[in-house]
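This is what each chain is made of:
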Amino acid sequence: MRRSSRTALSLAVVPVVAAGLLLATGPAPSAAPLPDADAVAAAARTGTTLAAAANLTGRWFGTAVAANKLADPVYAGILNREFDVVTPENEMKLDATEPRQGEFHFTNADRIVDHALARGARVRGHTLLWHAGLPGWLQGLSGAALRQAMLNHVTGVVTHYRGRVHSWDVVNEAFADGTSGRRRDSSFQRTGDDWIEAAFRTARAADPGAKLCYNDYNTESWAHAKTQAVHRMVQDFRARGVPIDCVGLQSHFGSGNPVPADFRTTLRNFADLGVDVQITELDVEGSGQAQADGYRRVVRDCLAVPRCAGITVWGIRDTDSWRASGTPLLFDGRGEEKPAYHAVRSALLGG
Ligand code: G3I
């Protein structure tokens, strides 16, 4: 690794601040499809980082972070060098932030947020409401009591992070897999179809400056019924003035679930609704050139869509991944750059 020539913090932080202003006031309508040739030449001369390369087109490049790994110097070194957006991997989930009703616990999430903000990076909040990771107290509620507890949770967490989180995954994975195009059955869903819009309105009231996203998986191919169901919901929200600013596409890929040929179409179709698209949990199982090719396609598809505001990978080293055996990330267990890393960086530079 050419650490000495890779001054990511200095290379990335200045553009990050500029990009932060861009994101604070609106999505990246000015994001260019390809970087300026002189900027690419300069980046190639000096060596560059993922964040700095993404910043050349007004985009960001982020990663999921675990609070208990921040003390690992290899982990923190890569994080600080390469990434300008941080998503707490588990620390903002409902079971972590409100383990007992009305008792909020932010210590671990705060460690990540403080670490990111101190270095000029920004934070994606993940996630306010999800059918998984629910604490016992909430599983015992239903009907109006659950609806009220749900909205109290949104208000409590978003208020705590007001002004410090640039995008929230307000609702995560609310649609069913398969061809039905229906909502997933969950305790939240059983409080009524309007639970999602109620959550978005409550989040907007708690932090009018944060971007509010709907986030899901298996919504990358336009051919999927689930993708089109989410698209219909966002279209309906936009038509009725429900506050939604972005759609997150998790993008967990592998040999059984390759990057779809129509991924770019999906990104465009969501963007055409007037929302940002964000690639929020990218990983591609595999190795070598095949894996690198998958990553390259994702980056190229994002760069082709001006409102594709940024890409987040779901972890740093393969050993940090939720599916470590699939070696799906950009750095190996020793923290060395993989071919996929170089493919991503080169694609961000227009290659
Ligand atoms: O930290 C505890 C540890 O103390 C304990 O000994 C161990 C025993 O199982 O569990 C550890 O917690 C685990 C945690 O990851 C940290 O490793 C949880 O059991 C495990 O359930 C949790 O899994 C997370 C999963 O979401 C469920 O919340 C993964 O890290 C996380 O990557 C994954 O992320 C999700 C996104 O939020 C939504 N999209 C899908 C994505 C992948 O599943």
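Residues numbered from 1 in each chain as written. Predicted model: local features only at pLDDT ≥ 70, side-chain atom pairs only at ≥ 80, totals over all residues. Heavy atoms only, no water.

- Going by an unreviewed UniProt entry, the protein carries the name Beta-xylanase and comes from Saccharothrix lopnurensis.
- If you open the UniProt record of the protein and go to Sequence similarities (unreviewed entry), you find "Belongs to the glycosyl hydrolase 10 (cellulase F) family."
- Here the protein is described in UniProt, under the heading Catalytic activity (unreviewed entry), as follows: "Endohydrolysis of (1->4)-beta-D-xylosidic linkages in xylans." (UniProt positions renumbered as here; feature names shortened; annotations may be inferred.)

Let's talk about the pattern of salt bridges
Next up, step 1: Across all of its chains, the model carries 23 salt bridges by this definition.
Next up, step 2: Here Glu103 ties to Arg100 by a salt bridge, and the two come within 2.9 Å at their closest N and O atoms.
Next up, step 3: The exposure class assigned to Glu103 is partly exposed, which follows from its relative accessible area of 41%.
Next up, step 4: Its relative accessible area of 49% is what places Arg100 among the partly exposed residues. (Salt bridge = Lys/Arg side-chain N within 4 Å of Asp/Glu carboxyl O. Buried < 20%, exposed > 50% of the residue type's maximum accessible area, 1.4 Å probe, protein only.)

A look at helix α12 (residues 288-303)
Next up, step 1: For α12, built from 16 residues, the straight-helix expectation of 22 Å at 1.5 Å per residue is met to within 8% by its first-to-last C-alpha distance of 23 Å.
Next up, step 2: Every buried residue belonging to α12 is among Gln291, Ala292, Gly294, Tyr295, Arg296, Val298, Val299, Asp301, Cys302 and Leu303, and all of these are buried. (Helix = DSSP H or I, 4+ residues; strand = E, 2+ residues; numbered from the N terminus. Expected span 1.5 Å × (residues − 1).)

Here we look at the packing of aromatic side chains
Next up, step 1: Taken as a whole and assessed by the stated rule, the structure comprises 9 aromatic pairs.
Next up, step 2: The interplanar angle of 25° and the centroid separation of 5.3 Å between the aromatic rings of Phe188 and Trp195 together place this pair among those described as stacked.
Next up, step 3: Exposure remark for Phe188: the relative accessible area of 1% places this residue in the buried category.
Next up, step 4: According to the relative accessible area criterion, Trp195 is buried, its value standing at 2%.
Next up, step 5: Look at Phe200 and Phe237: their rings are 6.0 Å apart centre to centre, the planes differ by 70°, and that puts the pair in the edge-to-face class. Placement of Phe200 in helix α9 (residues 195-206) and of Phe237 in helix α10 (residues 225-240) is noted, with a sequence separation of 37 residues between them. This pair shows no difference in class: Phe200 is buried, exactly as Phe237 is.
Next up, step 6: By way of ring pairs, the aromatic residues Phe104, Phe106, Tyr161 and Trp168 are connected into one cluster. (Phe/Tyr/Trp six-rings, centres within 6.5 Å; stacked < 30°, edge-to-face > 60°.)

Details of the UniProt feature "domain: GH10" (unreviewed entry) in the protein
Next up, step 1: Per the UniProt entry, the sites bearing "domain: GH10" (unreviewed entry) are residues 50-347 in this numbering.
Next up, step 2: Counting secondary structure, residues 50-347 comes out at 39% helix and 17% strand; the distance between its end C-alpha atoms is 10 Å.

Points about the pairing of strand β9 (residues 308-313)
Next up, step 1: Where burial is concerned, most of β9 is hidden: 6 out of the 6 residues are buried.
Next up, step 2: With 4 bridges connecting them, strand β1 (residues 60-65) and β9 associate as parallel partners. Note that in β9 the partner of Thr63 across the bridge is Val313.
Next up, step 3: The pairing of strand β8 (residues 276-284) with β9 spans 4 bridges and is classified as parallel. Each residue of the ladder has a partner; that of Val277, found in β9, is Cys308.
Next up, step 4: A crossover connection joins β8 to the parallel β9 through α12; in handedness this β-α-β unit is right-handed. (Pairing = 2+ DSSP bridges. Right-handed = clockwise from strand over helix to strand, strands pointing away.)

Looking at the packing of α12 against helix α13 (residues 339-348)
Axes are the key here: two packed helices are described by the angle between their axes and the distance separating the axes.
Next up, step 1: Running from N to C, α12 and α13 cross one another at 25°; their axes reach a closest spacing of 8 Å. By the criterion of interaxial angle, the relationship of α12 to α13 is roughly parallel. In the packing of α12 onto α13, the handedness of the crossing is right-handed. Contacts between α12 and α13 involve Gly288, Gln289, Gln291, Ala292, Tyr295, Arg296, Val299, Arg300 and Leu303 from the first element and Pro339, Ala340, Ala343, Val344, Ala347 and Leu348 from the second.
Next up, step 2: Residue classes in the contact of α12 with α13 are distributed as 10 nonpolar, 3 polar and 2 charged. (Axes fitted to C-alpha atoms, helices over the stretch in contact; angles between N-to-C directions. Parallel < 35°, antiparallel > 145°, perpendicular 65-115°, else oblique. Left-handed = near helix turned anticlockwise from the far one by under 90°. Contact = heavy atoms within 4.5 Å. Nonpolar A, V, L, I, M, F, W, Y, C, P; charged D, E, K, R; others polar.)

Digging into the nonpolar core
A general trend in soluble globular proteins is that nonpolar side chains are found buried together.
Next up, step 1: With 94 residues, the main nonpolar core has Phe61, Leu129, Trp168, Val171, Phe200 and Leu330 as its most contacted residues.
Next up, step 2: In this structure Trp168 touches Met92, Gly125, His126, Leu128, Val157, Val158, Tyr161, Ala210, Lys211, Leu212 and Cys213, once residues within four positions along its chain are discounted. (Core = buried A, V, L, I, M, F, W, Y, C linked by side-chain atoms within 4.5 Å.)

Here we look at unusual backbone geometry
Next up, step 1: Between His126 and Thr127 the backbone carries a cis peptide bond, its omega angle lying at -10°.
Next up, step 2: Along the chain, Thr127 falls in strand β3 (residues 122-130).
Next up, step 3: Phi at Glu173 is positive, roughly 60°, even though this residue is not glycine.
Next up, step 4: On the secondary structure map, Glu173 appears in the loop between β4 (167-172) and α9.
Next up, step 5: Positive phi outside glycine occurs at Ser251, with the angle close to 65°.
Next up, step 6: Relative to the elements of secondary structure, Ser251 occurs in the loop between β6 (246-249) and β7 (252-253).

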